[in-house]
Amino acid sequence: NTGTSTGSHLHLERWLNGQQQDPTWGDALSVLGLRTQSTGDDFVEQYRKAIAQKESGTNYSAVNPHSGALGKYQFMPATMASTARTCLGRVPMTTEFLGTPELQDKIMDCYTVAALPLIQAKAADPNTQCRMLASRHYSGNPDKWNNNRPQTYGGASYPSIASYTEDVCKGF
């Protein structure tokens, strides 16, 4: 803890020719070892694409009429706010969030990278890790990834967590 953070965190710097630069997500993913073995793609990028396809068909301006979930990744407003506060140091207005694809991608990356160490400690298999991440995104609890009970929200029916996570992670 540096004294300015609120808890344990990863501090990553990149230096080039004696000049400090902002590290890229690729730098962070390499340090954390988050590459899929089968494709060489970033695990986070592969996961992010799978969630976006399932949640909104990759529509950055999507808003769920039942839950109020926002954007391409269908973040619940409270989850978006807490992740943005941690990741960006501020909470964007809903209109800014929905209108800024780069912001949504960055928040999704932060959300995923923050959860991965705990999930990797529980499961070594990339498919199970993906399903646990998807369960966390869908239900708030990574440990429910194999729950077959149908879900409802705001009076609408949704697939079970197991069905949802299988669908998202079929390519892992």
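Our subject is the structure listed above.
Here the structure is a predicted model, which is why all the values come from computation and not from measurement.

Definitions and limits used
- Residues numbered from 1 in each chain as written.
- Predicted model: local features only at pLDDT ≥ 70, side-chain atom pairs only at ≥ 80, totals over all residues.
- Heavy atoms only, no water.
- Buried < 20%, exposed > 50% of the residue type's maximum accessible area, 1.4 Å probe, protein only.
- Helix = DSSP H or I, 4+ residues; strand = E, 2+ residues; numbered from the N terminus.
- Arc of directions from axis to C-beta.
- Contact = heavy atoms within 4.5 Å.
- Polar contact = N/O pair within 3.5 Å; in protein donor to acceptor, adjacent residues only side chain to side chain.
- Salt bridge = Lys/Arg side-chain N within 4 Å of Asp/Glu carboxyl O.

(A) Broad picture of helix α7 (residues 161–168). Of the positions making up α7, those classed as buried are I161, A162, Y164, T165 and V168. For α7, the angular spread of buried residues about the axis comes to 165 degrees, placing them on one side. Those residues of α7 hidden inside the fold are in contact with α2 (43–56), α6 (126–139) and β3 (151–153).

(B) Seen up close, the side chain of Q104. Relative to the helices and strands, Q104 is located in helix α5 (residues 101–122). For Q104, a relative accessible area of 0% corresponds to the buried category. A distance of 2.8 Å separates a polar side-chain atom of Q104 from the backbone nitrogen of K72.

(C) Broad picture of the pattern of salt bridges. In total, this model carries nine salt bridges according to the counting rule given. With its nearest N and O atoms 3.9 Å apart, the salt bridge here joins K49 to E45. Taken together, the residues K49 and E45, both in helix α2 and four residues apart, mark about one turn of the helix. A residue is classified by how much of its surface remains accessible, and K49, at 54% relative accessible area, is exposed. Looking at E45, the relative accessible area reads 27%, which means it is partly exposed. Measuring nitrogen to oxygen at the nearest pair gives 2.7 Å for the salt bridge that ties D143 to K122. In this pair, D143 sits in the loop between α6 and β3 while K122 sits in helix α5, placing the two residues 21 residues apart along the sequence. Connected through salt bridges with shared partners, the residues E45, R48, K49, D105 and D109 form a single ionic network.

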